[in-house]
Amino acid sequence: MKRITFLIFFVFLFQACGFYQNKKVSQDKLINTITEQLSYFPEIKDTLNLKTSSRVFPRTLTPSGKLQLVGKRDWTSGFYPGVLWSMYNLTGELKWKEQAELYTSILESEQFNASNHDLGFKMMPSFGEGYKVTKNEKYKDVLIQSAKTLITRFDEKIGCIKSWDHNKDKWDFPVIIDNLMNLELLFWAWKETGDSVFYNIANTHAKTTMKHHFRNDYSSYHVVGYDMETGGVVSKNTHQGYADDSSWARGQAWALYGFTMIYRETKDPIYLTQAENVANYILNIAKLPEDYVPYWDFDVKNIEAEPRDASAAAVIASAFFELSGYSEENSKTYISTANHILTSLSSEKYFNTKGANKGFLLKHSTGSKPKDSEIDVPLIYADYYYLEALLRRSKLNNQTITKN
Ligand code: GLY
């Protein structure tokens, strides 16, 4: 009897090792392909003078196919340093760390930029990821100052951080669903400093967003406008979606990712339920195509003729990997969804190879269809969240292997 048990154990171990080996080989192959593709950012590698040029961060391609570089004030400036930190995490090669440090350092003065809510988007993929790796005290100081700058935009009566100062004719106090992503910086600052001000503002913003941004089916409006006198809601609109009452795909992705992260930081079950409800909307109510890479808006008319948004897919995949760790009941569904998305994004249909599209990893993202801007193009944040999803998957796989 004992011998049979041993035999079964060894067969199981052998199969588990083979399974692990296969996964590792395909992950290694993918990392090689990614490394090769990223080596094609030619303008950056060969001609860029970081000291004299203010536009140094790749964002997308121009309509004529040129690499579009942006300055540090752009909301996407943190994602290229973030891609470089991810590459260091995936490969352990020092060249990525050196580049990541260089590009991160260019963003330093953004810690004082209070002109919008984008501090989390800019500083967490750059200084935040860099701090995890290096424990560099300077990075810590920059992040704490960034959090202090972000909370200057908080309004007590409304219970939210103001997202934008533009379009004053339309909104006095706009809050966009994307703003949830910036709260991660505040939770980080609370944990590092012990100052509950950061926690309370992030938590209040999350609660206000939960109350006003969602419809009964847990799809989200893009922009909620508040009255600064009364603190009440005056409008619910879109800025980048198809219609005020439609579901802009990346907005739903920010909501899923945002509440998953907020649950991680607070452990308050109301946020887990919220994330699960948004997940249910995306999986069972929204019209995801077969490859799970959404069209740019879930409710746009003649949807099959519309462009996709690979950036929304990448954010959703990354969020589902994390949420699978908190939601026992739905864990398998979330993992298989995230895997399905990554398989699609890593396929020829979505993945650039041999230097196509100037070295960006993913094709077919959409920035702002209503503004006729960045339609069906590569976007740096799609690449960032794609790499984050790959990292999260490999962590998850390693844990499963060691747990068994
Ligand atoms: N936060 C801007 C966007 O998602 O396009």
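No experiment lies behind these values; they were computed from the predicted model shown. (Residues numbered from 1 in each chain as written. Predicted model: local features only at pLDDT ≥ 70, side-chain atom pairs only at ≥ 80, totals over all residues. Heavy atoms only, no water.)

1. What to know about the site of the ligand
Turning to step 1, where the next piece is worked out: Around the ligand, the surrounding shell consists of Trp75, Asp178, Gln240, Trp248, Arg250 and Trp254.
Turning to step 2, where the next piece is worked out: Gln240 is positioned such that a nitrogen or oxygen atom in its side chain is 2.8 Å from an oxygen atom of the ligand.
Turning to step 3, where the next piece is worked out: The side chain of Arg250 places a nitrogen or oxygen atom 2.6 Å from an oxygen atom of the ligand.
Turning to step 4, where the next piece is worked out: About the coverage of the ligand: the protein hides 92% of its 200 Å² of free accessible area. (Near = heavy atom within 4 Å. Polar contact = N/O pair within 3.5 Å; in protein donor to acceptor, adjacent residues only side chain to side chain. Areas by Shrake-Rupley, 256 points an atom, 1.4 Å probe, with all protein chains shown as cover.)

2. Considering the environment of Gly231
Turning to step 1, where the next piece is worked out: Note on placement: Gly231 falls in the loop between strand E6 (223–226) and strand E7 (233–237).
Turning to step 2, where the next piece is worked out: Gly231 sits in the buried class, given a relative accessible area of 15%.
Turning to step 3, where the next piece is worked out: Between the alpha carbons of Gly231 and Lys157 there is a distance of 5.2 Å; along the sequence they are 74 residues apart.
Turning to step 4, where the next piece is worked out: In contact with Gly231, not counting residues within four places along its chain, are Lys157, Ile158 and Tyr226. (Helix = DSSP H or I, 4+ residues; strand = E, 2+ residues; numbered from the N terminus. Buried < 20%, exposed > 50% of the residue type's maximum accessible area, 1.4 Å probe, protein only. Contact = heavy atoms within 4.5 Å.)

3. A few points about the side chain of Arg153
Turning to step 1, where the next piece is worked out: Locating Arg153 in the fold gives a position in the loop between helix H6 (137–151) and strand E3 (154–155).
Turning to step 2, where the next piece is worked out: For Arg153, a relative accessible area of 8% translates into the label buried.
Turning to step 3, where the next piece is worked out: A distance of 2.8 Å separates the side chain of Arg153 from the side chain of Asp165, its partner in a polar contact.
Turning to step 4, where the next piece is worked out: Ignoring any residue separated from it by four or fewer positions in sequence, one finds Arg153 in contact with Ala114, Ser115, Asn116, His117, Cys160, Ile161, Lys162, Ser163, Trp164, Asp165 and Phe173.

4. Digging into the side chain of Gln27
Turning to step 1, where the next piece is worked out: On the secondary structure map, Gln27 appears in helix H1 (residues 2–38).
Turning to step 2, where the next piece is worked out: The exposure class of Gln27 is buried, given its relative accessible area of 12%.
Turning to step 3, where the next piece is worked out: When residues no more than four places from it in sequence are discounted, the contact partners of Gln27 are Leu90, Leu390, Arg393 and Ser394.

5. Examining helix H7 (residues 183–193)
For the α-helix, the turn length of 3.6 residues means that residues three or four positions removed from each other point alike.
Turning to step 1, where the next piece is worked out: When H7 is considered as a whole, its buried residues turn out to be Leu183, Glu184, Leu185, Leu186, Phe187, Trp188 and Ala189.
Turning to step 2, where the next piece is worked out: Where H7 is buried, its residues touch helix H5 (119–134), H6, strand E4 (160–161), helix H8 (196–212) and helix H9 (249–266).
Turning to step 3, where the next piece is worked out: In the stretch just after H7, Gly194 is the one whose phi turns positive, near 75°.

6. Examining the sheet that holds E7
Turning to step 1, where the next piece is worked out: Within the open sheet, the three strands sit side by side as E5-E6-E7. Their pairing is antiparallel. The open sheet terminates on both sides in strands that have one partner only, identified here as strand E5 (173–176) and E7. Strand-to-strand twist in this sheet, taken as the mean axis angle between neighbours without regard to direction, amounts to 25°. (Pairing = 2+ DSSP bridges. Axes fitted to C-alpha atoms, helices over the stretch in contact; angles between N-to-C directions.)

7. Details of the nonpolar core
Turning to step 1, where the next piece is worked out: Core analysis: the biggest nonpolar cluster contains 112 residues, and Ile34, Leu183, Leu186, Leu345, Tyr385 and Tyr386 have the highest contact counts within it.
Turning to step 2, where the next piece is worked out: Once residues within four sequence positions are removed from consideration, Ile34 is found in contact with Met87, Phe351, Leu361, Tyr386, Leu387 and Leu390.
Turning to step 3, where the next piece is worked out: Grouped together as the second largest cluster of nonpolar side chains are six residues, Ile158, Cys160, Val224 and Tyr226 included. (Core = buried A, V, L, I, M, F, W, Y, C linked by side-chain atoms within 4.5 Å.)

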